[in-house]
Amino acid sequence: MSDQNPYEKLGVSEEASFDEIQDARNRLFEQHNGDAKHLEVIEAAYDAILMDRLRMRQEGKIKVPERIRFPELRVQSPPKESPTPREQSPAWLQRMLDQPAPADILLPGAWFLGLSSISLFYPEGGDQVLQLALVVGVGTSIYFLNRKESKFGRAVLFTLVSLIIGLIVGGLVASWLLPQISFLSLETNQFSTVVTFILLWLVSSFLR
């Protein structure tokens, strides 16, 4: 076997493809499993063929397949995980949004539901009842926002902005909607207060 060239040692022709050379090497490995001497000869012949193919490639005689030049490319890289919607969102939005636990949604929701009920079903107290309910709602929103990251100024800012937006949007919607649903005996300030409580609940639950 020592007088044979590397191709003859593997039992392939010099025109054999890379797959044929590799199949021959693997087949001989199985045949001589446990025979360290034969395995060493087979591996040396395989390496010699690779070097010969690379030399011929450098001389422009053949085109070496990518699998010979870069065998590591044959290893399939694991599929990349698609980013979650949260990862696809802008960084500033990720910093603002929270992923609350059910209790962090239900507890503020219970407070604002109660305040909304007071605003709707106890109109005889007049504006004083609504004003008191709004004060309690503002305090509730600040409390739940502040306890997340202990940023009191941020909690106050978010709450005040939500309060202003809620009252404005609620008033606009009420002026358009209430005349069409006259069977509901609601005043504009009652309706806008409930809309404000809904917005405060969303902010205190889903913002940080």
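As a reminder, the structure under discussion sits directly above these lines.
A short tour of the structure in this document, coming up. Here the structure is a predicted model, which means the values were calculated and not measured.

## Here's the deal with the pattern of salt bridges
Note that side chains of opposite charge can pair when their charged atoms are close. The full count for this structure, using the stated rule, is three salt bridges. A salt bridge links D52 to R55; the nearest nitrogen and oxygen atoms lie 2.4 Å apart. Of this pair, D52 and R55 both sit in helix 3 (residues 36–58), separated by three residues, roughly a single helical turn. On the accessibility criterion, R55 (37% relative accessible area) is partly exposed.

## Some words on the nonpolar core
F112, L115, L145, F158, F197, V203 and L207 are the most contacted members of the largest nonpolar core, which totals 14 residues. Elements with a minimum of two residues in this core: helix 7 (102–121), helix 8 (127–149), helix 9 (152–177) and helix 10 (188–206). The leading source of residues in this core is helix 8, at five residues. Setting aside residues no more than four positions away along its own chain, F158 makes contact with M96, L145, V203, L207 and R208. In this structure, Y7, V12, I21 and Y46 belong to the second largest nonpolar core, which totals 13 residues.

The rules behind each value
- Residues numbered from 1 in each chain as written.
- Predicted model: local features only at pLDDT ≥ 70, side-chain atom pairs only at ≥ 80, totals over all residues.
- Heavy atoms only, no water.
- Salt bridge = Lys/Arg side-chain N within 4 Å of Asp/Glu carboxyl O.
- Helix = DSSP H or I, 4+ residues; strand = E, 2+ residues; numbered from the N terminus.
- Buried < 20%, exposed > 50% of the residue type's maximum accessible area, 1.4 Å probe, protein only.
- Core = buried A, V, L, I, M, F, W, Y, C linked by side-chain atoms within 4.5 Å.
- Contact = heavy atoms within 4.5 Å.

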